[in-house]
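Architecture at a glance
Below, each chain spelled out in residue letters.
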Amino acid sequence: MSDEALEAVGDYRYGFHDPENSTIRFDKGLSEQVVRDISALKDEPQWMTDLRVKAYRHFEARAMPDWGNCNLLDSINFENITYFLRSSDKTEKDWDNVPDDIKNTFNRLGIPEAEQKWLGGVTAQYESEAVYHSIREDLEEQGVIFLDMDTGLKTHPELVKKFFGTVIPHSDNKFSALNTAVWSGGSFIYVPKNVEVEMPVQAYFRINAKNMGQFERTLIIVDEGSTLHYVEGCTAPSYSTDSLHSAVVELIAMEGAKIRYSTVQNWSSNVYNLVTKRAVAYKNATVEWVDGNIGSKLTMKYPSVLLKGEGAHAEVISVAYAGEGQHQDTGAKVHHLAPNTTSNILSKSISKKGGRSSYRGMLQVMPKATGCRSKVVCDALILDDSSRSDTYPTMEIGNATADLEHEASVSKVSSDQLFYLMSRGFSEAEAMGLIVNGFFEPFTRELPMEYAVELNKLLELEMEGSIG
Amino acid sequence: MLRVENLHVSVEGTAIIKGLNLTINRGEIHVIMGRNGAGKSTLANVVMGHPAYEITEGSIFFQGQPLEELAVFERARAGMFLSFQYPAVIPGVQVGTFLKKSVASVRDEPPKGRAFRKELTEAMSQLEMDKSFLSRYVNDGFSGGEKKRLEILQMLLLKPSLALLDETDSGLDIDALRIVSKGINQIAPAAGCLIITHYQRLLDHVKPHFVHAMIDGTIVKTGGPELALELEERGYDWLDVAA
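Note that this is a predicted model, so its numbers are computed, not measured.

Across its full length, chain B holds eight helices and twelve strands. In terms of C-alpha radius of gyration, chain B reaches 18 Å, essentially the compact-globule figure of 18 Å for 243 residues. Seen along its three principal axes, the alpha-carbon backbone of chain B occupies a region of about 55 × 40 × 30 Å. By the burial criterion, 44% of the 243 residues in chain B qualify as buried. Sequence separation of at least 24 residues holds for 74% of the intrachain contacts in chain B that already meet a minimum separation of 6.

Right under this line is the structure:
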C-alpha cells in the first residue's frame, strides 16, 4: 500500500487557531483555590462549591488508573494546564453578537449553517463557556429546557441538584473527580413528559488556546415517554503542546423515554480526551450512544448504560480511528440490572501508521436480571503492519437465562480489494477511502446525514489539504 | 487497440506466461481457451496491471502507448475494463454509490443526476437486475450469477474500448448466460473484446472472430469459431503434441 493512500485517510482539517483573546484567564495549575475561584466567579450555590472542593480533594488523593495507556496518562502535566478561560462576557442568542474571531471559527466549522437547516437548538462552547446558545421557540413552548450547564444551575437549581452526580458520582474515577471540581459549560437538558423532540439539538465544543483544559459537564433528563436526539462535535487547533478535555456526561431516560446521544470527536492530535459518559435507563426506556472517535492523542472513553428498569434497551455503536501517534482506547459498558433488558454493542476500529485502537468492553448481567439478551460485535481493520489493535472484553454473567452473542474480527485491506477498485478507475487513495468508509458504514448510517457526509469527507482523499 | 509482444510474466519467481503475442483491433472479439493453469487469467490480470505479476520480458501496448507507464486506475480511465473471475467484496459500500463514483472517475463526461439514473435503470433492466441491487453492498453476499451480472453492468456503464472478460460465463445458468452475452454483444462493435472461457456454450450467443488455444503460457493455435468446437470436443492433448 502506498504512503499516499495511507496519508489520504483521516487528514486533519481543523488545526487552525484564532488569536487568544480572553476576558478572564486563570493562571496555569490546579489548587483548591482555583476550584473555589471558579465557583465564586460563577456565583454558585454553596452546595456546588462544597461538591467541587470535595471532588478536588478526591482527585488529589486518587491514583492514576493503572490500566489503559499508563505511559501517556502519566505524562499529563496537570500544572501546565489552564483550568478556566472566559473568552466572551456572555452567551449570545444571535451569532452577530458573538466576537468576530469566534464567530468566524464556528462559521468555518459550519455550525450556523447546520443550525438553520436541521437543528432544534445549538450551544457552542469556546474554551470554558458557551459563547452562543439558542433553542427553537416551539421546543421552548413545549417546556423543553435546553441551556448551557452554568445557566441551568442558575435558573433550575432544584432540578440540577436533584440529578447532578447521581449517575456519575465525583468519586467514580480520577477524571470524573477532576471534572466535578473544575467543570464549566456543557449542556443541561430537560424534556418534559410525552414530548417528542423531532430535530436533534447540538452542542459544539471548541478548544482554541494552548495548554487548555476543557471540562464541560452535561446532564440530560428525558422524562416519561419522551424522545431526544443530542449531537455533539468537537475540534481543536493543532499545537505541539498538550491540551486536556475531560468531560462528564450523565443521561437519565425515564420510563418509556428514548435518548440518542451522537458524538463525532475530532480533536487535534495534541488533545488528551478522557471522558466519562453514563446513562440510566428506566422501564422500557432506550438509550443509544453513537460514538465516533477520530481525533485526539489519547482517548479513553467507554459510554455506559445502566439498564435499571425491566424491558430497557441499550445500543452502543462506536467507531475509532487511530492514526500516527494516536491511541483510541474506547468501548462500551452495559449493566443489565433488571429482567428482560436487551443490549447491542457494535464497535469498529481502524488503525494506521503506528496508531493503536483498543476495544475495552464490559457486559454485566446481575443474578436477578433474568431473560436478558445481548449481542457484542467488534471489528478491527488494520491498514499496515506498524499499527495495532487490541480487544479487552469482560463479561460477568450472573444467571443462566441470559442469551449472549459475541463476535470479534480483525482484518486487513486486501490487495484484491484495492486492485478491484483501481480497475474501476479509483486511485489507490480513493480506493482506500471507499474501503474505510464502507467499514464505518454501519456507524455513519446512524448519524444525521450532515455528520455522515462530514465523516466520510474526513476520510477521503478529495479533502486532503483543503483546510477550512 | 491492444498489442501484446513476446510477453513473459512471472509470479513470485515462477514463469507463467512465456512469449505470448496477441493483437486485438476495435470491433474484434477474441476468445482464449485453455486448461486451468495455462496462464489465461494471468494474461487478463497483467494487462489490467495487477501488482502481483511481474513482466520479465516483452511489452503490452494499448492504443499505441506502452502500458507499463500507466497505473491500474489510469488504465481504467484510458478505457480498459476487466470483468473479474472472482470480484472482490467491498463491505459497506453500496452498489449505487460505487457505480456513480466509478463512472465519474472513468468517463470523460459522466452523466449527472437524472441522466445517470436513466442510464442506470436502462442498463439494469436490460440485464434483468432488480433495483434492490443498488442498495446492497458491492458483491457482499452475492451469488455467483449476481456477481457476474454486476460486472457486466459496470462494463455497460463504463463503456470501455477494451473489455477483458475472465471466465465471466463460469457458473452461470442458461438464462444468466444469455443475459450476460447480451451485454457483451452490446459493447462489442465499438470495442476490442478478449473473452477467457472454458466452454464453447458462450459462443452460442457471442460470435468470436478469433479463437486462441493457450497452453503453458503461450498461444499454440489460432482459428475461427470452429476451433472452439474442436477444443471442446478433443481437449488440449493433441495440441501438446503439435506444440
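What chain A contains, in helices and strands, is 13 helices and 25 strands. Expected size for 468 residues packed as a compact globule is a radius of gyration near 23 Å; at 21 Å, chain A falls within 12% of this value. Judged by the C-alpha coordinates and their principal axes, chain A covers about 65 × 60 × 45 Å. A buried classification covers 56% of the 468 residues belonging to chain A. Considering only contacts in chain A between residues 6 or more positions apart, those separated by 24 or more positions represent 83%.

A word on the interface of chain A and chain B. Listed per partner, the contact involves 18 residues of chain A and 19 residues of chain B. Elements that contribute at least two residues to the side of chain A that touches chain B include exactly α11 (415-422) and α12 (428-444) of chain A. For the side of chain A that touches chain B, the element with the highest residue contribution is α11(A), accounting for seven residues.

With that settled, the discussion passes to unusual backbone geometry. All names here are of chain A. The residue N194 is not glycine, and still its phi comes out positive at about 55°. Inspection of the secondary structure assignment puts N194 in the loop between β6 (187-191) and β7 (201-206). By C-beta crowding, N194 is classed as partly exposed, having 13 other C-beta atoms within 10 Å. A positive phi is found at N211, a non-glycine position, where the angle reads about 50°. Within the secondary structure layout, N211 lies in the loop between β7 and β8 (213-214). On the neighbour-count criterion, N211 (16 C-beta atoms within 10 Å) is partly exposed.

Let us now look at the nonpolar core. The biggest cluster of nonpolar side chains holds 212 residues, and the ones touching the most others in it are A:I220, A:A253, A:I259, A:A279, A:A281 and B:L164. It is α12(A) that provides the largest number of residues to this core, a total of nine residues.

The subject of this paragraph is the pairing of strand β13 (residues 258-265) of chain A. Both faces of the sheet carry side chains from a regular strand, because those side chains alternate between them. Residues and elements named next belong to chain A. Across the eight residues of β13, six count as buried, placing the element largely inside the fold. Bridging between strand β10 (residues 227-235) and β13 involves eight bridges; their strand directions are parallel. In the strand pairing of β13, Y230 is matched with Y261. Pairing of β13 with strand β16 (residues 286-293), which is carried by eight bridges, proceeds in the parallel orientation. Among the inter-strand pairings, I259 is bridged to a residue of β16, identified as V287.

Our next topic: the packing of helix α3 (residues 46-61) of chain A against helix α10 (residues 174-182) of chain A. Residue and element names in this part refer to chain A. Relative to each other, α3 and α10 sit at 145°, their axes nearing to 7 Å. With respect to the hand of their crossing, α3 and α10 are arranged in left-handed fashion. Contacts between α3 and α10 pair L51, R52, A55, Y56, H58 and F59 from the former with K174, A177, L178, T180 and A181 from the latter. For the contact of α3 with α10, the per-class residue count stands at seven nonpolar, two polar and two charged.

All names here are of chain B. The strand order across the open sheet built from four strands is β2-β1-β4-β5, with neighbouring strands paired in antiparallel fashion. A single partner strand is all that each edge strand has here, and the edge strands are β2 (14-24) and β5 (65-66). Relative to β2, strand β1 (residues 2-11) runs antiparallel, the two sharing eight bridges. Looking at β2, one finds that R3 is bridged to T23. Along the sheet, helix α1 (residues 40-48) contacts β1, β2 and β4 (53-62); its crossing angle with β4, the most-contacted strand, is approximately 70°.

Below, the discussion takes up the sheet that holds β10(A). Residues and elements named next belong to chain A. Read from one edge of the open sheet, ten strands run β4-β3-β7-β10-β13-β16-β19-β21-β23-β25, paired in mixed fashion. The open sheet is flanked by β4 (129-135) and β25 (403-412), the only strands paired with a single partner. Taking each pair of neighbouring strands and ignoring which way they run, the sheet shows an average axis angle of 5°. The pairing of strand β23 (residues 373-382) with β25 spans ten bridges and is classified as parallel. Its bridge partner being in β25, R373 is matched across the sheet by D403. Those strands touched by α12 are β16, β19 (313-322), β21 (342-351) and β23, and its axis lies near 160° from that of β21.

Looking at chain B as a whole, its pLDDT mean stands at 93, while 99% of the residues score no less than 70. If you check the scores for this complex, the pTM reads 0.85 and the ipTM reads 0.96.

Calculation rules
- Within any chain, residue numbers begin from 1 and follow the written order of that chain's sequence.
- Note on labels: chains are lettered from A, ligands numbered from 1, in written order.
- Only residues with pLDDT of at least 70 are given local features in this predicted model, and only at 80 or more are side-chain atom pairs given and counted; all residues enter the totals for whole chains, interfaces and linings.
- What counts as a helix is a DSSP run of H or I of at least four residues, what counts as a strand is a run of E of at least two, and both are numbered from the N terminus.
- Here the globule rule is a power law, 2.2 Å times the number of residues to the power 0.38, and the radius of gyration is based on C-alpha atoms.
- Burial is judged by counting the other C-beta atoms within 10 Å of a residue's own C-beta: 20 or more makes it buried, 12 or fewer makes it exposed, and any count in between marks it as partly exposed, with every C-beta position built from the backbone.
- By the convention adopted here, residues are in contact when the distance between their C-beta atoms, placed from the backbone, does not exceed 7 Å.
- Joined through C-beta atoms within 7 Å, a set of buried Ala, Val, Leu, Ile, Met, Phe, Trp, Tyr and Cys residues constitutes a nonpolar core.
- If DSSP finds at least two bridges between two strands, the strands pair.
- With axes taken as lines fitted to C-alpha atoms, and helix axes fitted only over the stretch in contact, angles between N-to-C directions fall between 0 and 180 degrees.
- Less than a right angle of anticlockwise turn of the near helix away from the far helix marks a crossing as left-handed, whereas a clockwise turn marks it as right-handed.
- Following the grouping adopted for this structure description, the nonpolar residues are Ala, Val, Leu, Ile, Met, Phe, Trp, Tyr, Cys and Pro, the charged ones are Asp, Glu, Lys and Arg, and the polar ones are all others, Gly among them.
- How sure the predictor is of each residue is captured by pLDDT, a score from 0 to 100.

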